[in-house]
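Residue-level structural notes
Given next are the chains, with one letter for each unit.
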Amino acid sequence: MDPRDCKDELAEILITEEEMQERLAEMAQQISADYAGKNLLLVGVLKGAIMVMADLSRKIAIPVEMDWMAVSSYGSGTKSSGVVRILKDLDTDLAGRHVLIVEDIIDSGLTLSWLVRNLENRGAASVKIAAALRKKEAAKVEVDVEYLGFDIPNDFVVGYGLDYAEKYRTLPCVAKLSPHVYEK
Ligand SMILES: O=P(O)(O)OC[C@H]1O[C@H](OP(=O)(O)OP(=O)(O)O)[C@H](O)[C@@H]1O
Ligand code: HPA
Ligand SMILES: [Mg+2]
């Protein structure tokens, strides 16, 4: 979807498609160097992480495996409920595995702090995070992120996998949603 096709619903483009792809290439280069010789498992968090998983994984120069989890704390609203539910679990046994969680956004941090602990408790050799976006001012818990795309302001954003009521995920950029869209 081209951002021009829904420009009345977007307040501002924060990260263009080009900026995102360039930053992901840098992150992938670092990941390739850091995990060289290791058997890396990328764990994507559905559904928001689909775009960053697709783009980041293809820029990583070493062989990787991929698995998916679905956890949800937002439902269809714009605020985290704070309650994390597993909607779909991994197929992979994590014992001894080097795991890199791939996420679209760290907002309150509640989802990832819960997920890191959950995966560590399954006996992974290491559990680290790669996230495209982080809202630093929204943190309710601190999350250590090893590979970060961009820090963004504390506004509700859409695009690049991020939705509002399941819409806008296919925008290639990250944009601030106009409040009139969710206040009506
Ligand atoms: O740091 P937090 O405040 O916990 O927020 C981050 C999480 O919220 C979003 O998922 P959501 O629950 O909206 O599911 P979705 O990816 O299917 O849209 C996003 O994709 C992250 O997983
Ligand atoms: O800003 C956001 N936009 C969409 N989904 C989200 N999930 C957490 N934060 C956000
Ligand atoms: Mg969502």
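Residues numbered from 1 in each chain as written. Chains lettered and ligands numbered in written order. Predicted model: local features only at pLDDT ≥ 70, side-chain atom pairs only at ≥ 80, totals over all residues.

**Remarks on the environment of Ala175**
Structurally, Ala175 can be placed in strand 9 (residues 174–177). In this view, Ala175 contacts Pro3, Leu10, Glu12, Ile13, Leu14, Val157, Val158 and Gly159; residues no more than four positions away in its chain are not counted. (Helix = DSSP H or I, 4+ residues; strand = E, 2+ residues; numbered from the N terminus. Contact = placed C-beta atoms within 7 Å.)

**Focus on the nonpolar core**
General note: in soluble globular proteins, nonpolar side chains tend to be found buried as a group. In terms of nonpolar packing, the biggest core is built from 47 residues, with Leu56, Ile101, Val102 and Ala130 touching the most fellow members. Leave out the neighbours within four places in its chain, and Val102 touches Leu42, Val43, Gly44, Ala49, Val52, Met53, Leu56 and Ala130. (Core = buried A, V, L, I, M, F, W, Y, C linked by C-beta atoms within 7 Å. Buried ≥ 20, exposed ≤ 12 C-beta atoms within 10 Å, placed from the backbone.)

**Things to note about the site of ligand 2**
In the vicinity of ligand 2, eight residues are found, and the nearest of them are Ile105, Asp107, Phe156, Val157 and Leu162. For the shell around ligand 2, the class distribution of residues is six nonpolar, no polar and two charged. (Near = placed C-beta within 6 Å. Nonpolar A, V, L, I, M, F, W, Y, C, P; charged D, E, K, R; others polar.)

**Looking at helix 3 (residues 110–120)**
Among all positions in helix 3, only Thr111, Leu112, Leu115 and Leu119 are buried. Around the axis of helix 3, the buried residues are gathered within 85° of arc, so they sit on the same side. Taken together, the buried residues of helix 3 touch strand 3 (64–72), strand 5 (98–106) and strand 6 (126–134). (Arc of directions from axis to C-beta.)

None of the figures reported here should be taken as evidence of function without further support.
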